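Observations on chain architecture
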Amino acid sequence: VTPRFTSTQLDALRELANIGSGTAATALAQMLGQEVNLTVPRALALPLADAVDACGDADDTVTAVLIPLEGDIAGVVLLLFQIDGARALCRLLGVEAGSEVGNSALREIGNILGTSYMNGLAAMTGLSMEPSPPHLTTDMLGAIVSSLLAQTVGASNMALVLDSELEVAHQPCSMSFLLLPMRGGASDLLAPLGLAQVEA
Amino acid sequence: MGEIAVSAKADDVLVARGLGSCIGLALVDRAAGVAGLAHIVLPESTDGSGGPGRFADRAVPVLVAQVLDAGAIRRRLEAVLVGGAHMFDVAGGLNIGSRNEAAVRHGLARAGVSICASATGGNIGRTLRIAVSDCAITMNEAGSPVMTLLAGSPSWPTGATTSQRSVSK
């Protein structure tokens, strides 16, 4: 069973990602007192074999904050920092990267951004979304993303990835935001917009 | 994810990058210079849909058949397992990693293929490489040096024992 999305549906999902990451960018800008830029998000419906590559180099070591979504829709919000980005962010926050305090600060940033992202989506769709406590890990990008995809796609051969990038202006600090809806999660997101005709 | 590759070309290197809960299953016949690799995502297929490489129950027999087709001899086959980690301790996590590993081991036992090395479990990502030229199999974790799991060179059948190494955590 393979979910297919029309271009209208992908546009709508991209717009949702835009609103979610816009809300998160505002939160980050307020927290850091720095300008935060936002790239145009992507909504990608991809065969599983290509989904990890679309998120970056599978071998890259990244720091990830993972926030499982519960409530009206199920899925995972994932915030990925390149090593340099994590270091720069820790410096802006005045904590040491890689230390217990540094990790704790990144986890909290991830929590605030992830929650802002969800609030943006919730405001747009009227769905209730409850973030679970965040998890932080530093590992290979491929290992992180593929393990989550394995849980979210079930028997489906297609993965839906909503991807946006935030960049702190004048700092070597960018991060990507991924929303990986569980099976059915994408339909639930689209339904309030009157676009829920997703098979599977 | 979900792919199967088989090669008997000496120039080829088969790679499964960033294995987390997935299993990279390497099957080699060092004497014949044939290698196969499956990137297995889930333990079993529920409805028979999707490519065979994604599910352990279907991927193992398909990979065995493909390496035999490419010139390998069944009794010389050696298997190496990498991956099957538990990356996130999320409540209600399905522990796919260890279920994947169990399903692959079960499939190999049914196919009569012995496992000569593995690097599985824990909460770390791994990358697996097979150099088809000598069928050497190596593995590395994020930011760690490369380890050899199966030495290259066609030592079969003169070497009575093959090098065995397990770094299961």
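Here's a quick rundown of the structure. (Residues numbered from 1 in each chain as written. Chains lettered and ligands numbered in written order. Predicted model: local features only at pLDDT ≥ 70, side-chain atom pairs only at ≥ 80, totals over all residues. Heavy atoms only, no water.)

Across its full length, chain A carries 6 helices and 8 strands. The secondary structure elements of chain A, listed N-terminal to C-terminal, are α-β-β-α-β-β-α-α-β-β-α-β-β-α. Compactness check: chain A gives a C-alpha radius of gyration of 16 Å against a globular reference of 16 Å for 200 residues, within 12% of the reference. Here the C-alpha coordinates of chain A stretch approximately 50 × 35 × 25 Å along the principal axes. Sorting the 200 residues of chain A into buried and exposed places 53% on the buried side. Put simply, chain A shows about 7700 Å² of open surface, and 48% of that area lies on carbon and sulfur atoms. (Helix = DSSP H or I, 4+ residues; strand = E, 2+ residues; numbered from the N terminus. Rg over C-alpha atoms; globule rule 2.2 N^0.38 Å. Buried < 20%, exposed > 50% of the residue type's maximum accessible area, 1.4 Å probe, protein only. Areas by Shrake-Rupley, 256 points an atom, 1.4 Å probe, with all protein chains shown as cover.)

Tallying the contact residues gives 31 residues for chain B and 28 residues for chain A. Both sides of the chain B and chain A interface together cover about 2200 Å² of buried area, and 63% of this is carbon and sulfur. By the criterion of area lost to chain A, the three top residues of chain B are M1(B), R54(B) and F88(B), representing 31% of everything that side buries. Applying the counting rule to chain B against chain A returns 2 salt bridges. A salt bridge links R17(B) to D59(A), with the shortest nitrogen-to-oxygen separation between them at 2.8 Å. At the boundary of chain B with chain A, the tally comes to 5 residue pairs in polar contact (both at pLDDT 80 or more). Where the side of chain B that touches chain A is concerned, the elements lending two or more residues are β2 (13-19), β7 (126-131) and β8 (136-141) of chain B. Tallied by class, residues from the side of chain B that touches chain A come to 12 nonpolar, 11 polar and 8 charged. (Contact = heavy atoms within 4.5 Å. Buried area = accessible area lost by both parts, 1.4 Å probe. Salt bridge = Lys/Arg side-chain N within 4 Å of Asp/Glu carboxyl O. Polar contact = N/O pair within 3.5 Å; in protein donor to acceptor, adjacent residues only side chain to side chain. Nonpolar A, V, L, I, M, F, W, Y, C, P; charged D, E, K, R; others polar.)

This next bit is on unusual backbone geometry. The phi dihedral of H170(A) is positive, around 65°, even though this residue is not glycine. Along the polypeptide, H170(A) turns up in the loop between β7 (158-168) and β8 (173-181). Since its relative accessible area comes to 78%, H170(A) is described here as exposed. Positive phi, close to 60°, is recorded for C135(B), a residue that is not glycine. We classify C135(B) as buried; its relative accessible area is 0%.

This part is about the sheet that holds strand β9 (residues 147-150) of chain B. Residues and elements named next belong to chain B. Pairing within the open sheet is antiparallel, and its 4 strands lie in the order β2-β7-β8-β9. In the strand order of this sheet, the two ends are held by β2 and β9, each with one partner. Taken over all neighbouring pairs, the strand axes of this sheet differ in orientation by 20° on average, direction set aside. Relative to β8, β7 runs antiparallel, the two sharing 6 bridges. Counted as the bridge partner of T127 is N140 from β8. (Pairing = 2+ DSSP bridges. Axes fitted to C-alpha atoms, helices over the stretch in contact; angles between N-to-C directions.)

Evaluation of the coordinates by the stated rule reveals 2 cavities of 30 Å³ or more. Along the walls of the second largest cavity sit S147(A), L148(A), Q151(A), S21(B), A85(B), H86(B), M87(B), F88(B), N95(B), I96(B) and G97(B), which together make up its complete lining. When contributions to the lining of the second largest cavity are tallied by element, the ones reaching two or more residues are α5 (141-153) of chain A together with α2 (96-111) of chain B. No other element matches α5(A), which puts 3 residues into the lining of the second largest cavity. Across the lining of the second largest cavity, the residue classes tally to 5 nonpolar, 6 polar and no charged. (1 Å grid on protein atoms, 1.4 Å probe; cavity = no way out; pocket = protein on both sides within 12 Å on 5 of 7 lines; lining within 4 Å. Points joined across faces, edges and corners; volume = space filled by probe spheres on them.)

Next up on the list: the environment of A31(B). Residues and elements named next belong to chain B. Along the chain, A31 turns up in the loop between β3 (23-29) and β4 (34-40). Judged by its relative accessible area of 36%, A31 is partly exposed. Between the C-alpha atom of A31 and that of S153, which follows or precedes it by 122 residues, the distance is 7.8 Å.

Bringing the side chain of Q9(A) into the picture now. For Q9(A), the position within the fold is in helix α1 (residues 7-32). A distance of 3.0 Å separates the side chain of Q9(A) from the backbone nitrogen of T6(A), its partner in a polar contact.

Below, the discussion takes up the nonpolar core. Grouped together as the largest cluster of nonpolar side chains are 53 residues, with contacts concentrated most on L78(A), L149(A), V80(B) and I137(B). When residues in this core are grouped by element, the largest group, 8 residues, is from α5(A). Sequence-distant contacts of V80(B), defined by excluding residues within four places in its chain, comprise G24(B), L25(B), A26(B), C116(B), A117(B), I137(B), L149(B) and L150(B). Core analysis: the second largest hydrophobic core is formed by 44 residues, A24(A), A27(A), M129(A) and L160(A) among them. (Core = buried A, V, L, I, M, F, W, Y, C linked by side-chain atoms within 4.5 Å.)

Here the structure, examined in full by the defined rule, presents 9 salt bridges over all chains. The partner of R87(A) in a salt bridge is D84(A), with the nearest N and O atoms 3.7 Å apart. Residue R87(A) and its partner D84(A) are both found in helix α3 (residues 83-93); the two are separated by 3 residues, about one turn of the helix. For R87(A), a relative accessible area of 46% translates into the label partly exposed. Taken together, the salt bridges that share partners define one network made up of D59(A), R17(B) and R129(B).

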